[in-house]
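Descriptive analysis of the structure
Here's the letter readout for the chains.
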Amino acid sequence: MLISSSSGINAEYGVYDGEWKDDKIYGQGTLTFPNGSSYSGEFIDNAFNGDGEYKWEDGSKYRGKFVNNKLIGQGQYIDTNERVWVGNFQEKVAIGLEVKLEC
C-alpha cells in the first residue's frame, strides 16, 4: 500500500495534483477538468469521497460531502452572485434548500 503525492496530466480527464495509492487517486488532491471546472478535496479509488469543493466553469460551487462522485448530505451551494444556499443534497437534488442569511 504505497501512498505518494504527484501531479498528472491527461488531455481527456484534466490535471490532477495530489495523493495516489496503488496507482489510484486516493487522499487529498485537486482535479481540474479541461472545461475549467475543478474538484478539491478527498478522493477514494479515483472518485470524489468525503469533504470537498466542486467549482463549475461559471464560478458557482458546492462545498460539502461527496459519495462516489455525488453530492450527498449537508452542504452549501454558492451561486454566481455569491449567495450561499444550504441544505441536504442528494445527488443533484437539494431538499429544503434555503438562502443562508448573513447576520
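In this report, we go over the structure that sits alongside the text. (Residues numbered from 1 in each chain as written. Predicted model: local features only at pLDDT ≥ 70, side-chain atom pairs only at ≥ 80, totals over all residues. Heavy atoms only, no water.)

Moving on to the overall build of the chain. Secondary structure summary: the chain contains 0 helices and 9 strands in total. Counting from the amino terminus, the chain carries its helices and strands in the arrangement β-β-β-β-β-β-β-β-β. Within the chain, the fraction of its 103 residues that count as buried is 32%. By sequence separation, contacts in the chain at least 24 residues apart represent 2% of the contacts at least 6 residues apart. (Helix = DSSP H or I, 4+ residues; strand = E, 2+ residues; numbered from the N terminus. Buried < 20%, exposed > 50% of the residue type's maximum accessible area, 1.4 Å probe, protein only. Contact = heavy atoms within 4.5 Å.)

Summarising the sheet, strand S2 (residues 14-21) and strand S3 (residues 24-32) pair through 6 bridges and their orientation is antiparallel. Bridging from a neighbouring strand, Asp 17 pairs with Thr 30 of S3. Joining the antiparallel neighbours S2 and S3 is a turn of 2 residues, in which Asp 22 adopts a positive phi near 50°. Across 6 bridges, the pairing between S3 and strand S4 (residues 38-44) is antiparallel. Across the sheet, residue Leu 31 finds its bridge partner in S4, namely Tyr 39. In this structure, the hairpin formed by S3 and S4 is closed by a connection of 5 residues, where Gly 36 is found at a positive phi of approximately 100°. (Pairing = 2+ DSSP bridges.)

Located in the positive-phi region is Asp 23, a residue other than glycine, with phi close to 65°. Relative to the helices and strands, Asp 23 is located in the loop between S2 and S3. One non-glycine residue, Asn 46, lies in the positive phi region at around 70°. Tracing the backbone through its elements, the reader meets Asn 46 in the loop between S4 and strand S5 (47-55).

Once that is clear, we can look at the packing of aromatic side chains. If you walk through the whole model with that rule in mind, you get 13 aromatic pairs. With centroids separated by 6.2 Å and ring planes inclined at 45°, the aromatic side chains of Phe 48 and Tyr 54 adopt a geometry described as tilted. A relative accessible area of 8% places Phe 48 in the buried class. Owing to a relative accessible area of 16%, Tyr 54 belongs among the buried residues under this scheme. (Phe/Tyr/Trp six-rings, centres within 6.5 Å; stacked < 30°, edge-to-face > 60°.)

Right, let's talk about the nonpolar core for a bit. Soluble globular proteins tend to bury their nonpolar side chains together. Among the nonpolar cores identified, the biggest contains 11 residues, and these are Tyr 16, Ile 25, Leu 31, Tyr 39, Phe 43, Phe 48, Tyr 54, Tyr 62, Phe 66, Leu 71 and Phe 89. Where this core is concerned, the elements lending two or more residues are S3, S4, S5 and strand S6 (61-67). (Core = buried A, V, L, I, M, F, W, Y, C linked by side-chain atoms within 4.5 Å.)

Attention now moves to the environment of Asp 58. Along the chain, the position of Asp 58 falls in the loop between S5 and S6. Separated by 21 residues in the primary sequence, Asp 58 and Ser 37 have C-alpha atoms spaced 8.2 Å apart. Side chain to side chain, Asp 58 and Ser 60 meet in a polar contact 2.6 Å long. (Polar contact = N/O pair within 3.5 Å; in protein donor to acceptor, adjacent residues only side chain to side chain.)

Distances and angles like these do not, on their own, reveal function.
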